[in-house]
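# Results of the structural survey
Single-letter residue listing:
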Amino acid sequence: MKQQDYDWLSALHANRRTVLKGAASAAALGASGALGTFSEIALAQNNLRAQIGQIPGVGKGAPTDADWQKVGELCLGPTKASIKEGEFKGVELSFMGLNNQNLHNLLFRGFLKPWEAYTGAKISWIDLAQADYNPRLQQAIATGTVDFDILEMGAPFEGDVCGKGLASEMPDWVKKQIDIDDYVDYLKPPVGTWNGKTYRVTIDGDCHNFNYRTDVFSDPALAKAWKDAGNASEWGVPKTWQQVQAVTKFLKGQKFKGQNVYGYLDAPKPWGGFGFYFLGSRATAYAKHPDDKAWLFDVDTMKPRINNPAWVRAIQDVIDALPSEPADQLNADPNTTGFQQFLAGIGSMIPWWGDIGQVAKASDTSVIGDTVGFDILPGSDDVYNSKTGKWEKLPSGPNHAPNCAYLGWGIYVMARVNGDEKKHKAAWSAAAHLGGKDLSFWMVLYPSGFQAHRTSHFQYDEWVAAGYDRKYITSYLNSQIGSYNHPNRAVEPRIPGIFQYYSIAEDELTKIFAGKVDPQTGANNIAAAWEKLTDQIGRERQIGLYKASLGV
């Protein structure tokens, strides 16, 4: 992002707040923007987490750059305990990360401004749109031209980056500073490690949860119309993908509060490989059998399952639902479905990461506020058993398999700083500041691009104290911890080249959804291309790493 764009966005956030809070409160905000003032406030407060939870306060408008700086300043304690003031003077670091929804890197800048002021180090920024992230990183990996010292990256890339020796091993003092043992179990090693060495500061948890409109699914008029249409079941939130499909088709042509109402929102447009997760969230309940940890490849051969009946059924679901979704849904990527449609009041069901719950309550870009509920992803009445080649109905009922997509963002330091002791310490200090325990609480509380990932994040009273309604936040957090701890969760394959697989799939899915190729043929094409890629990377090594990532 260019500096002038960053300045403009910062001003835009401030203007929104000014409108919301009035001139008097805006003047107060400006007066309190000085870091020194907030240092004094910090000294006057005994409970840091309660204090930062009120910046700006849930329901008081979207956080601004001034808020990010205040939080960064208040959370500098662990840095000051181990780093002398001005210790990194003269050190220059480059930081590559996302600029998705004007979050990620934009927040990091605010959080790190007080860190820069205290330590004396300077940071330059490489900002990337979501669709550009994967190609830019893959290019750096393939050509060995890493031109950044600190990297925001997800665990699925660890095979590509850590496996090739491009990352710096985390020092022990960083592990202590960030309280690494506080991570939820599913994000503990092997996630964040490679060959037994720790490389990442985790700043995000990841799973797709199910977001739905509570007002739509409690509306008496729609309930009557549902019955009048001959449905035997009660009108309510779908619990299976079969019900999602039925509701989506029923809602076509229905009105809610005088407006057209839609059901599920698919995201068919490619998104730099990340869009594949959204098909995955339709597929896991069909494809992830409780007796089999694998769901994307056969674990002993790396033979793709993308063209088996389970995945083809999920692809067909998208094709069948699209005519009942908003016009031009074919050109919607996940950002569109989440932020331009669902949060704007269009559609009543989407899968997404945790951003939806934060933004709905704590951003002035949302119009749906409290009318959102959350659950783990829908299940399926039957599940495909890849070992027997048959569909099965489980005695326990519908099969649920939450899609733990992406394993969360983390901060990684590149190996190229290892030869410079001062720069090495500075880079890890910056990473530790961003991944600090208290700073992480603020990030999961407000729109940031990150969702709960520490055991300490599931203290519900802290969220209520910050302004969240208890029923709302209980539904939100339960959907996440229920996915993380689900016995049949579908875990991301942490293998080299995983986003090459996903990008190949996205390209072929575009042809399928546009009607140029039938689902089975398109899925076969994806499988054939995946087989070639596996051979190029090295099948035996991929099998070993895939097994390790699944714990088999």
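As a reminder, the structure under discussion sits directly above these lines.
Reference entry: report on the structure contained in this document. Note on numbering: residues in each chain are counted from 1, in written sequence order. At least 70 in pLDDT is required for a residue's local features to be given in this predicted model, at least 80 for side-chain atom pairs to be given and counted, and no such filter applies to totals for whole chains, interfaces and linings, which use all residues. Side-chain descriptors were evaluated using all non-hydrogen atoms of the structure, hydrogens and water having been removed beforehand.

To continue, consider the pattern of salt bridges. Salt bridge, as used here: a side-chain nitrogen of Lys or Arg that lies within 4 Å of a carboxyl oxygen of Asp or Glu. One pass over the structure, following the stated rule, counts 29 salt bridges. The residue K547 makes a salt bridge to D300 at a minimum N-O spacing of 3.1 Å. With a gap of 247 residues between them, K547 in helix α22 (residues 539-550) and D300 in the loop between α12 (276-287) and α13 (309-321) connect regions that are remote in the sequence. Between buried and exposed lies partly exposed: a residue is buried under 20% and exposed over 50% of the maximum accessible area for its type, with that area taken using a 1.4 Å probe on protein chains only. For K547, a relative accessible area of 27% translates into the label partly exposed. One salt bridge in this structure joins R539 and E531, with 3.1 Å as the shortest N-O distance. When its relative accessible area of 21% is taken as the criterion, R539 is described as partly exposed. Note on E531: relative accessible area 26%, which makes it partly exposed. Because the salt bridges share partners, they merge into one network encompassing R49, D438 and E462. Strands are runs of DSSP state E lasting at least two residues, helices are runs of H or I lasting at least four, and both sets are numbered from the N terminus onward.

This brings us to the side chain of Q480. For Q480, the location among the structural elements is in helix α19 (residues 470-484). Here a residue-residue contact requires only that any non-hydrogen atoms of the pair lie within 4.5 Å. In contact with Q480, other than residues within four places in its own chain, are C207, N209, G354, Q451 and A452.

Glancing now at unusual backbone geometry. In this structure, P56 follows I55 across a cis peptide bond, with omega equal to 5°. Inspection of the secondary structure assignment puts P56 in the loop between α3 (48-52) and α4 (65-74). Here the residue pair P189 and P190 is connected by a cis peptide bond, since its omega of 20° sits within 30 degrees of zero. Structurally, P190 is set in the loop between α9 (172-178) and β4 (193-194). You will see that D179, though not glycine, has its phi angle at about 55°, which is positive. Tracing the sequence through the fold places D179 in the loop between α9 and β4. Of note, L407 is a non-glycine position whose phi angle comes to about 65°, a positive value.

We define the nonpolar core as a collection of buried residues of types Ala, Val, Leu, Ile, Met, Phe, Trp, Tyr and Cys that are connected through side-chain atoms lying within 4.5 Å of one another. With 169 residues, the main nonpolar core has F108, F111, Y133, L137, V201, F276 and W442 as its most contacted residues. In this structure W442 touches I52, I55, P63, W68, V71, L107 and F111, once residues within four positions along its chain are discounted.

Take the pairing of strand β10 (residues 349-352) next. The alternating pattern of β10 places M349 and P351 on one face and I350 and W352 on the opposite face, and all of these are buried. Taken together, the 4 bridges between strand β7 (residues 209-213) and β10 define a ladder with antiparallel strand orientation. Looking at β10, one finds that F210 is bridged to P351. Strands are labelled as partners when DSSP assigns at least two bridges between them.

Read from one edge to the other, the open sheet built from 3 strands follows the order β10-β7-β11, with strand pairing classed as antiparallel. On the outer flanks of this sheet lie β10 and β11 (372-375), each paired with one strand and no other. Put simply, the sheet's adjacent strands are angled 30° from each other on average, direction ignored. In this analysis an axis means a line fitted to C-alpha atoms, helices contributing only their contacting stretch, and an angle means the value between N-to-C directions, from 0 to 180 degrees.

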